[in-house]
Structure formats: C-alpha cells, structure tokens
Amino acid sequence: MNEGNYEAAAQVAREQLDAAISTEEAIRARRTLRSVRMFEGNYEEALREARAAQTSLDAEPALRTAHPGLSASLLVDRAQIYESMGKLRHAAALYDEAVAAGGLSQRDARIAALNTAVLHVRLGEHAEGVARVDQYLASDAARGLARNREISLRCQQVMWLAAGGDLAGAKMRADDVLARYEGVDHPSLASVAVMRVRYTPIGHGCAERRERIAAALGLVSRLEHLDMEEFDVSHGHLDSLREQIVVLIRDTQAACPE
C-alpha cells in the first residue's frame, strides 16, 4: 500500500468517524484509523487513536456488556503499537492484561499469549518465554491447535532454552519432545534432534552421540518426501541440517575412534 492509498483509507475512516451515530461505530472507525497509522509507521498517531477508542468505550459501560471481548481487543491494539515502537515490556504487560480480561476469540487469545512469550525472549528472559508457551498449551485457547503447530512450539521452547544458556534444560526438553512425537515427520523435530547431538558430550558419551546422530539422520531422511511448504520451511533447511550432521559425524569420528 503506497502513501496515497494510506491517506485514502484514512479519509474513509475519518468520514465514518464523523458520520458515526453510535459509540460502537466511532470505535470501529478509530480502530481503522489506528491500523492505517500503524501501516504508515506513524505509531504516535496510532496510539492516539487507540487511546481515543478506549476512552469512548470507558464512557459507555453498556457497550462492554454487549461486546465483552471489545475491551481486550483494544488492549491488544495498544500492545501491538508498543511492540512496534520497541517498548517490549509495556507491550507484554498489555497482552497479559488482554488475556486476563477475557472475551478474546480463540485466535486472538493465542496471538496475545504467544506474542507475550516471544517478547520475553526478545527481552532476554528465555525461561519466562518457555513458561508462557507452557501456560498457553495448557489453556483452553490451545484447544484444537493443529499438531504441526504444537510441535513447532514445543521445539521452539528447546531452541529458546539453548539460546538462553540453559543447555541442561534444553537437552531435557529435547529428549521429551522427541519421545513425545516419536515416529512423526516434522522439520522442527529434525532440528531438535541435530541440536541434541551437538550438546551430547563426546568423551564418555561417544556411544550415545553415535546413536543420536543415527536418529537425526533418520529424521532428516524421512523428510525428503514431504512438501516443506506445509511447514513454512524450504528444502534448503534440510540441506543445512545435513551439513550440520556431516560436521557432527566428523567431530565424533575424530574424538571417538572405533
């Protein structure tokens, strides 16, 4: 969308705001303006519109009763703005408030919960990010979650723990997720299998390391027949995993002579 299209969309929303005959219509127009300003990168104006929408809702309690999820949705609106502004902790707090307020759709509750987890990781709080994903997976919002998505989330937890320096925790999670989904073909599981080899000590763990290399190779090989687009990854991801395995094999052979 170019600048002209932004302004055209903003003009339509302003006209809707001027013509609004109810608070609900005014809030809807302000949310549209907020979205346009977000797309423009004008976060201060986006925040002004989001706050005005909240003020309108606060002035009409009956609207909260008629639309119980609206208050939470307006909190998410502001959280997204603060996230874009780089005010991550403020954004995380607003996402938490939105989830606690209730009334969000299952999709929006998922987005709020998982965005909060990612924000904590971006703040360097990897363990907290992992805990937030655990909370989400145990909540009603995760009901009906596609298995592929659940696997991706559990594997992401492993990677976050490793990135945060908790290698023991990452290894424990890796063992759990690979056992939980044994026999399932998924590129994230293959990535975790390769990572687990990397953190298996060579010295006294040579036999275990060889066994885990074989398991990782098996997972990668089984992925060859799958359409990687189903998992939002490319076949280049498999090439990268193979290259990592080659390095792990070479290092293991050098340190663990037969």
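Quick caveat: nothing in here was measured; it's all calculated off a predicted structure. In this numbering scheme, every chain counts its residues from 1 along its sequence in written order. Only residues with pLDDT of at least 70 are given local features in this predicted model, and only at 80 or more are side-chain atom pairs given and counted; all residues enter the totals for whole chains, interfaces and linings. Values reported for side chains reflect all heavy atoms of the structure, with hydrogen atoms and water molecules removed beforehand.

**Overview of the overall build of the protein chain**
Piece 1. Looking only at helices and strands, one finds 13 helices and zero strands in the protein chain.
Piece 2. A globule of 258 residues ought to have a C-alpha radius of gyration of about 18 Å, yet the protein chain, at 24 Å, is considerably larger.
Piece 3. Principal-axis analysis of the C-alpha atoms gives the protein chain an extent of 80 × 35 × 30 Å.
Piece 4. Should any heavy atoms of two residues lie within 4.5 Å, those residues are counted as being in contact. When contacts within the protein chain are restricted to residue pairs at least 6 apart in sequence, long-range pairs at least 24 apart make up 58% of them.
Piece 5. Surface summary for the protein chain: the accessible area is close to 13,400 Å², and the carbon and sulfur share equals 51%. Each helix is a run of DSSP H or I of at least 4 residues and each strand a run of E of at least 2, with the numbering of both proceeding from the N terminus. Note that the radius of gyration is over C-alpha atoms, with the globule rule given as 2.2 Å times the number of residues to the power 0.38. Shrake-Rupley sampling with a 1.4 Å probe provides the accessible areas, and residues are treated as covered by the protein chains on show and by no other component.

**Observations concerning the packing of helix α6 (residues 88-101) against helix α7 (residues 106-122)**
Piece 1. Fitted lines through C-alpha atoms serve as axes, helices being fitted only where they are in contact, and the angles separating the N-to-C directions of these axes extend from 0 to 180 degrees. Here α6 crosses α7 at 150°, and the two axes come no closer than 9 Å. Viewed along their axes, α6 and α7 adopt a mutual orientation that is roughly antiparallel. For the crossing formed where α6 meets α7, the hand is left-handed. Residues Leu88, Ala91, Ala92, Tyr95, Asp96 and Val99 of α6 form the contact with α7, whose participating residues are Ala109, Ala112, Ala113, Asn115, Thr116, Leu119, His120 and Arg122.
Piece 2. In the scheme used here, Gly and all other residues not listed as nonpolar or charged are polar, with Ala, Val, Leu, Ile, Met, Phe, Trp, Tyr, Cys and Pro taken as nonpolar and Asp, Glu, Lys and Arg as charged. When the residues that make up the contact of α6 with α7 are grouped by side-chain class, the tally is nine nonpolar, three polar and two charged. Every angle not falling under 35 degrees, over 145, or within 65 to 115 is termed oblique; those three ranges are roughly parallel, roughly antiparallel and roughly perpendicular. The sense of a crossing depends on the near helix, which, turned anticlockwise from the far helix by less than a right angle, makes the crossing left-handed and, turned clockwise, makes it right-handed.

**Some details on the state of the cysteines**
Piece 1. We call a pair of cysteine sulfur atoms a disulfide when they lie within 2.5 Å. A complete count under the given rule lists one disulfide for this structure.
Piece 2. Two residues, cysteine 206 and cysteine 256, share a disulfide whose sulfurs are 1.9 Å apart. Its S-S torsion of about -75° marks the bond between cysteine 206 and cysteine 256 as left-handed, since a negative value means left-handed. Of this pair, cysteine 206 sits in helix α12 (residues 206-222) while cysteine 256 sits in the segment after α13 (235-255); the two residues are 50 residues apart in sequence, bridging distant segments of the chain. Considered together, cysteine 206 and cysteine 256 belong to a single accessibility category, that of buried residues. Only protein chains enter the accessibility calculation, which uses a 1.4 Å probe; a residue whose area is less than 20% of its type maximum is buried, one above 50% is exposed, and one in between is partly exposed.

**Examining the pattern of salt bridges**
Piece 1. A carboxyl oxygen of Asp or Glu within 4 Å of a side-chain nitrogen of Lys or Arg is what we treat as a salt bridge. The final tally for this structure, using the stated rule, is 24 salt bridges.
Piece 2. Linking glutamate 49 and arginine 30 is a salt bridge whose minimum nitrogen-to-oxygen distance equals 2.8 Å. Of this pair, glutamate 49 sits in helix α3 (residues 43-58) while arginine 30 is found in helix α2 (residues 23-40), placing the two residues 19 residues apart along the sequence. Just as glutamate 49 is buried, arginine 30 falls in that class too.
Piece 3. Aspartate 77 is the salt-bridge partner of arginine 34, the closest N and O atoms lying 3.9 Å from each other. Taken as a pair, arginine 34 in helix α2 and aspartate 77 in helix α5 (residues 70-84) lie far apart in primary sequence, 43 residues in all. For the residue pair arginine 34 and aspartate 77, the accessibility class agrees, reading buried in each case.
Piece 4. Connected through shared salt-bridge partners, Lys171, Asp175, Arg196, Glu208 and Arg212 make up one network.

**With respect to helix α11 (residues 187-198)**
Piece 1. Along its 12 residues, α11 runs 17 Å from first to last C-alpha, staying within 8% of the 16 Å computed at 1.5 Å per residue.
Piece 2. α11 sits mainly inside the fold: 10 of its 12 residues count as buried.
Piece 3. Along α11, the positions that sit buried rather than exposed are Pro187, Leu189, Ala190, Ser191, Val192, Ala193, Val194, Met195, Arg196 and Val197. How far a helix is expected to stretch is found by multiplying one less than its residue total by 1.5 Å.

**Observations concerning the environment of isoleucine 27**
Piece 1. Position of isoleucine 27 among the secondary structure elements: in helix α2.
Piece 2. According to the relative accessible area criterion, isoleucine 27 is buried, its value standing at 2%.
Piece 3. Each C-alpha atom, one on isoleucine 27 and one on cysteine 155, is 40 Å from the other, the two residues being 128 residues apart in sequence.
Piece 4. Ignoring sequence-local partners within four residues, the contact set of isoleucine 27 consists of Ala53, Ser56, Leu57, Leu63, Leu70 and Leu74.

**Observations regarding the nonpolar core**
Piece 1. The criterion is simple. A nonpolar core is a set of buried Ala, Val, Leu, Ile, Met, Phe, Trp, Tyr and Cys residues joined through side-chain atoms within 4.5 Å. Core analysis: the largest hydrophobic core is formed by 63 residues, its most contacted members being Tyr136, Val177 and Leu189.
Piece 2. Judged by nonpolar contacts, the second largest core, of eight residues, contains Tyr6, Ala10, Leu17 and Leu33.

**Some remarks on the packing of α2 against α5**
Piece 1. Relative to each other, α2 and α5 sit at 15°, their axes nearing to 11 Å. One finds that α2 runs roughly parallel with respect to α5. With respect to the hand of their crossing, α2 and α5 are arranged in left-handed fashion. Where α2 abuts α5, its residues Ile27, Arg31, Arg34 and Met38 lie against Leu70, Ser73, Leu74, Val76, Asp77, Gln80, Ile81 and Ser84.
Piece 2. Of the residues belonging to the contact of α2 with α5, the class tally is six nonpolar, three polar and three charged.

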